[in-house]
Amino acid sequence: MTKKRGLNFKFTVLFLMFSFLLAVLLCGVNYQIYKNDLLQQYCEKAMNAASTAAFLLDSQKIEHYSETQVMDEEYEEEIRFIDLLAQSMGVENLYVLVPVSEQYAMFIYDASEPGDGLADSKYERMVLGDLAEYDGENYSSVRRAIENKTETTSLEIVDGEFGYLASAYELIYKENGELLGFVGADFLMSEIKDALRRYLIRNILLVLAVVSICTVFLLYKVKKMVILPVQMISEAADKFARTDYNANLQICAAEIHTQDELEQLNDTFTKMMKDIVGYVSNLAKVTAEKEKISAELNVASSIQESMLPSIFPAFPERKDIDIYATMTPAKEVGGDFYDFFFIDKDHMAVVIADVSGKGVPAALFMVIAKTLLKNEALSGKSVGEIFTSVNQQLVENNKEGMFVTSFMGILELSTGRFTYASAGHNPPLHKEKEGQFSWVKDRPSMILAGLEGVSYTEHEMKLKPGDVFFMYTDGVTEALNPEEDFYGEERLINKLNEIDAKGCDLETMLEEVRLDLQRFRDTAMQADDITILIFQYYGNDKQIEELKG
């Protein structure tokens, strides 16, 4: 048996974890702020040094020495001036470079001496004409500044073989505005790491001390204000569960005066006990009422079933068409429906639809949608006009936001001309006499009752004698088995082709699909209404004779 942990233990662990995370966060934030401040100071020094040197140096002399590469007396004077300038500004390295190619830049001046502090004297002073690799990481910022031409000063921080450096670069231009080169200034920041380490240690100790004190105080207050009142309520609840109601009505008068939600919880719990006693006495009445509602739902289910064509064969006197359909609701009443009827002697309408949701609301909306669709069809409108008109009527006062997906077609029996439209519904399946089932490709329009002012496009196809048309709702393809796998479109079409290969009639085909769905679902509950409508077109008398022959 798992050992239960009390609130006292859980709150202690929670506060310790919170305190640790808070301490880490505070230390990290303070450390980053302090580090950024130090780096900012060094970066500003480097940028000021590079800008000052670029201002004081003579660009004409730099251009001259880059062309001649001759170190005369005047050049030596320039070197001494740069050395003094570097010393006065505290720069570890001050130099001037002129790019000579995409890969190399040439040193003009270099104010660094071995032993100046750069990475244990690994840096050697460069002389006029020495080349530096210009395409490496050290000069990436100055290359970007040259390419973008939007700024004259660039900065980068490098921790490499010459130490931890803040390097600033100032571009130098000729008198005609053409780029000449750049001044580089390096500040060594080795002492930053030691300063940051000392600051971090002091900060950790201080934050831990403050957080620990606050944690102990908070734990004390939480125990007094939360844990103890909860324990008192828990004991009262345990007594209530172990004894009869009348004895417990006075038990929960716990002395809780916290003047907050816990006191309110205690009052609510007392009231709850009284309500439970009343609930038990009313349980029999509620059960009887539920049975009454169930009986009324059964009547509603019978009424809904009677609204759908249910006598098959539907038109035994006609030889040009055969049709079968079925609807199995997920609850007592459903939102799916089908319908088929003759508009005149030569035109038959077929429709299948799925109302959003299930139960009584969906069934009521289904009655309205079915009635409107049939009335509009009997008025002689085309399929697109029917959907357009019905959509507009359903949108009006649709406060519950319900909608309908539907597929409707009108078959001209004398010619096989079939006009149809889809309002967001699953695509049906079509099979020619000697072929196999395949999906009817079309671009479905907007659902019905979804948006006002929608115009629906209708499509047309020619049915040949012997063609079969299979319509269904998503309760078929989205049926789930105990492993929560979907029945799926691929299984449906494969099953239909398998049944058709046996030469089964429409009624048998419909029943075989239903049985396959039941076998697939096994013990899983039916999650949605399942509706199927299937018809076969035979044509006129001459075509029927040819079909039989």
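Residues numbered from 1 in each chain as written. Predicted model: local features only at pLDDT ≥ 70, side-chain atom pairs only at ≥ 80, totals over all residues. Heavy atoms only, no water.

## Description of the nonpolar core
In terms of nonpolar packing, the biggest core is built from 52 residues, with Val350, Leu394, Met408, Phe418, Phe469, Leu533 and Phe535 touching the most fellow members. Of all hydrophobic cores here, the second largest spans 37 residues; its members include Ala50, Val96, Ile108 and Val183. (Core = buried A, V, L, I, M, F, W, Y, C linked by side-chain atoms within 4.5 Å. Buried < 20%, exposed > 50% of the residue type's maximum accessible area, 1.4 Å probe, protein only.)

## So, unusual backbone geometry
With omega at 0°, the peptide bond leading from phenylalanine 312 into proline 313 counts as cis. At asparagine 397, a residue that is not glycine, the phi angle is positive and equals roughly 60°. With respect to the helices and strands, asparagine 397 occurs in the loop between helix 9 (383–395) and strand 10 (404–412). Assessed through its relative accessible area of 71%, asparagine 397 is described here as exposed. Positive phi, close to 55°, is recorded for aspartate 522, a residue that is not glycine. Turning to its location among the elements, aspartate 522 is positioned in the loop between helix 12 (506–521) and strand 16 (530–537). Under the relative-accessibility criterion, aspartate 522 is labelled exposed at 53%. (Helix = DSSP H or I, 4+ residues; strand = E, 2+ residues; numbered from the N terminus.)

## A closer look at the packing of aromatic side chains
Evaluation of the coordinates by the stated rule reveals 20 aromatic pairs. Seen from their ring centres, phenylalanine 470 and tyrosine 472 are 6.1 Å apart, and the 35° between their planes marks the pair as tilted. As far as burial versus exposure is concerned, phenylalanine 470 and tyrosine 472 are alike and both buried. Members of the aromatic cluster, each reached through a chain of ring pairs, are Phe312, Phe315, Tyr324, Tyr338, Phe340 and Phe342. (Phe/Tyr/Trp six-rings, centres within 6.5 Å; stacked < 30°, edge-to-face > 60°.)

## Focus: a nonpolar patch on the surface
Judged by side-chain polarity, Phe9, Val13 and Met17 come together as a nonpolar surface patch covering roughly 270 Å² of accessible area. By secondary structure assignment, the location of valine 13 is in helix 1 (residues 7–56). (Patch = residues over 30% accessible without salt bridge, like charges linked within 9 Å, V, L, I, M, F, W, Y side chains within 5 Å. Areas by Shrake-Rupley, 256 points an atom, 1.4 Å probe, with all protein chains shown as cover. Salt bridge = Lys/Arg side-chain N within 4 Å of Asp/Glu carboxyl O.)

## Some points on the sheet that holds strand 7 (residues 321–328)
Strand order in the open sheet formed by five strands is 7-16-15-12-13, and the pairing between neighbours is antiparallel. The sheet is open, and its two edges are formed by strand 7 and strand 13 (438–439), each paired on a single side. Both strand 7 and strand 16 contribute to a ladder of eight bridges, which runs antiparallel. Counterpart to alanine 325 in the pairing with strand 16 is leucine 533. Running at roughly 25° to strand 7, helix 12 makes contact with strand 7, strand 15 (468–472) and strand 16 of the sheet. (Pairing = 2+ DSSP bridges. Contact = heavy atoms within 4.5 Å. Axes fitted to C-alpha atoms, helices over the stretch in contact; angles between N-to-C directions.)

## Focus: the sheet that holds strand 10
Taken together, the five strands give an open sheet; going across it, the order is 8-9-10-11-14, and neighbouring strands pair in antiparallel fashion. Each edge of the sheet is formed by a strand with only one pairing partner; in this case those strands are strand 8 (336–344) and strand 14 (459–462). Put simply, the sheet's adjacent strands are angled 15° from each other on average, direction ignored. Inspection of the sheet shows strand 8 paired to strand 9 (residues 347–355) by eight bridges, in the antiparallel sense. Across the sheet, aspartate 344 pairs through a bridge with histidine 347, a residue of strand 9. Helix 8 (residues 359–378) rests against strand 8, strand 9 and strand 10 of the sheet, and its axis sits at about 15° to strand 8. Docked against the sheet, helix 9 engages strand 10 and strand 11 (417–423), running at close to 150° with respect to strand 10.

## Quick notes on the pairing of strand 5 (residues 163–173)
By the criterion of burial, strand 5 is predominantly enclosed, with 10 of the 11 residues buried. In this structure, strand 5 lies alongside strand 6 (residues 179–188), joined through nine bridges in antiparallel fashion. Pairing of leucine 171 across the sheet is with phenylalanine 182, part of strand 6. Between strand 5 and the antiparallel strand that follows it, strand 6, lie five residues; glycine 177 among them carries a positive phi value of about 90°.

## Let's talk about the pairing of strand 9
Taking burial as the measure, the nine residues of strand 9 include eight buried ones, the bulk of the element. Adjacent in sequence and paired antiparallel, strand 8 and strand 9 are bridged by two residues. Here strand 9 pairs with strand 10 via nine bridges, running antiparallel. The residue of strand 10 that forms the bridge with alanine 353 is serine 406.

These values are about where atoms sit, not about what they do.
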